[in-house]
Amino acid sequence: MTELKEASQKSNKGLIIFQMLLAFVLFMFSIDLLTMSMVKLNNNLAQELFQATNNPFVGLFIGLLITALVQSSSVVTSMIVAVVASGNLTLMQAVPLVMGANIGTTLTSTLVAFSYIMKKGEFKRALSAGVVHDIFNILTVLILFPLEIYLGFLSRSASFLTNAFFNANTEFSGDYSYNVLFTRPLTTWLVDFLNSPILGLILSIILVFFSIKFLSDTVFRTFISTNFEKVSRQMFKFPFISFMYGLFFTAAVQSSTVTTSLIVPAVANRKVSLSKVFPFIIGSNLGTTITAVIASIYKTEAAISIAIVHILFNFFGALVFLPFPGLRNIPVKLATFLGDQSVKRKFVGFAYILLTFFIIPFILIYFNRG
């Protein structure tokens, strides 16, 4: 009888792990499909927008808006590399676009939180976990943007490091595209089969929410309910260890969108506190720059310099917030406050998303298009 019970438990555990992996792959596929569909819709528009601005403040919001639409800072960064390498944009003009891209890519984890909107307590925690990544990047921009505008801090540092350590040529060579996720061959086939970016977009949005719900059910309510405490104690015990886990896990999957979105259900279900996962999110922010490093194998000066800008931006953000508990608490408290307000007034969460990612950037770009 005991043997049968143990065999049944092993069988159930194996099934749960399989379901978890299936949900994880489905989520990665849905993010990739969203990216590919939006690129098909916005590629030419993005190229034109990138070339249209000489105003760094507007450049910041162009990077934010395009990345919010495309949902991949890697794809947007690759577009920026192409425009810089073709000579239509200087490195200094490109830096605000890269900063904006870092904010824009955080939209998915915030949207994931809305799958909990019908459960008051869980929604408050989920939204706080979703927006803490946004707030961290916004605060990093507030620190580094003025330094770049007045001192050329990131662009000059990137140029110096490129010239010092790399033997780069300046010729534009080929297509600058990131093969971000391993699901790309299947994604490409489906996009070609559908032959409609709009259909791909609708399908990807449905899949994103379905896969997150699937993950939440299979992982956080069954397998992790008994085992995650052990993992949590190890992974989130110390801020630096949590940071390293976030960095390496994101470097492995090459998408901070995936890793930060997976954290949302864990916080929503009280498996780990927001303050403990925040260093993990900082690490994932730095880990996502691996895609920029991979792109720099093109060996052009533009590709290498922008890869270094991307790394420096996230590195200095980590350097400011990670070592100091007082500073680390600022994004956490702001995110918690926004979560509280969104539970009291449902429109606050929606207003935050619309204003931050779409309305303010669009208005600024529209009135400065000349």
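Structure report, in brief. Numbering of residues starts from 1 in every chain and runs along the sequence as written. With the structure being a predicted model, the display of local features is reserved for residues of pLDDT at least 70 and the display and counting of side-chain atom pairs for 80 or more, all residues being used for whole-chain, interface and lining totals. Neither water nor hydrogens contribute to the side-chain values; these are computed over all heavy atoms in the structure.

## Examining the overall build of the protein
Only DSSP runs of H or I reaching four residues or more are called helices, and only runs of E reaching two or more are called strands; each is numbered from the N terminus. Check the secondary structure of the protein and you find 16 helices and zero strands. Working definition: with a 1.4 Å probe on protein chains only, accessible area under 20% of the residue-type maximum means buried, over 50% means exposed, and in between means partly exposed. Classification of the 370 residues of the protein by burial places 53% in the buried group. The criterion used for residue contact is that any of the two residues' heavy atoms lie within 4.5 Å. Sequence separation of 24 or more characterises 84% of the internal contacts of the protein that already satisfy a separation of 6 or more. Summed over all atoms, the accessible surface of the protein reaches about 16900 Å², with 68% contributed by carbon and sulfur. A 1.4 Å probe and the Shrake-Rupley method give the accessible areas. Residues count as covered only by the protein chains that appear here.

## Looking at the packing of helix α6 (residues 120-151) against helix α7 (residues 153-165)
Relative orientation of the contacting elements α6 and α7 amounts to 70°, with a least axis distance of 6 Å. By the angle class used here, α6 and α7 are roughly perpendicular. For the pair α6 and α7, the contacting residues are L144, L147, E148 and L151 in the first and F153, L154, S155 and R156 in the second. Considering only residue class, the contact of α6 with α7 consists of five nonpolar, one polar and two charged. The angle between two axes is taken between their N-to-C directions and runs from 0 to 180 degrees, where each axis is a line fitted to C-alpha atoms and a helix contributes only its stretch in contact. Working rule for angles: under 35 degrees goes down as roughly parallel, over 145 as roughly antiparallel, 65 to 115 as roughly perpendicular, anything else as oblique. Note on residue classes: Ala, Val, Leu, Ile, Met, Phe, Trp, Tyr, Cys and Pro are nonpolar, Asp, Glu, Lys and Arg are charged, and everything else, Gly too, is polar.

## Focus on the packing of helix α2 (residues 56-70) against helix α4 (residues 91-104)
Between α2 and α4, whose axes approach to 6 Å, the crossing angle comes to 40°. Where α2 crosses over α4, the handedness of that crossing is right-handed. For the pair formed by α2 and α4, the contact residues are P56, G59, L60, I62, G63, L64, T67 and A68 on the first element and P96, L97, M99, G100, A101, I103 and G104 on the second. Grouping the amino acids of the contact of α2 with α4 by side-chain chemistry returns 10 nonpolar, five polar and no charged. Crossing chirality is assigned from the near helix's rotation relative to the far helix, an anticlockwise turn below a right angle marking it left-handed and a clockwise turn marking it right-handed.

## A word on the side chain of T260
Looking at where T260 falls in the secondary structure, it is placed in helix α11 (residues 256-268). Other than its neighbours up to four places away in sequence, T260 contacts S109, H133, I281 and S284.

## Examining the pattern of salt bridges
If charged atoms from side chains of opposite charge come close, those side chains can pair. The salt bridge criterion pairs a side-chain nitrogen of Lys or Arg with a carboxyl oxygen of Asp or Glu, the two atoms within 4 Å. Counted under the stated rule, the structure contains one salt bridge. For K124, the salt bridge is made with D340, and the minimal N-O distance between the two is 3.6 Å. Of this pair, K124 sits in helix α6 while D340 sits in helix α15 (residues 325-344); the two residues are 216 residues apart in sequence, bridging distant segments of the chain. Using a relative accessible area of 32% as the deciding quantity, one classes K124 as partly exposed. On the basis of relative accessibility, which here comes to 25%, the residue D340 falls in the partly exposed class.

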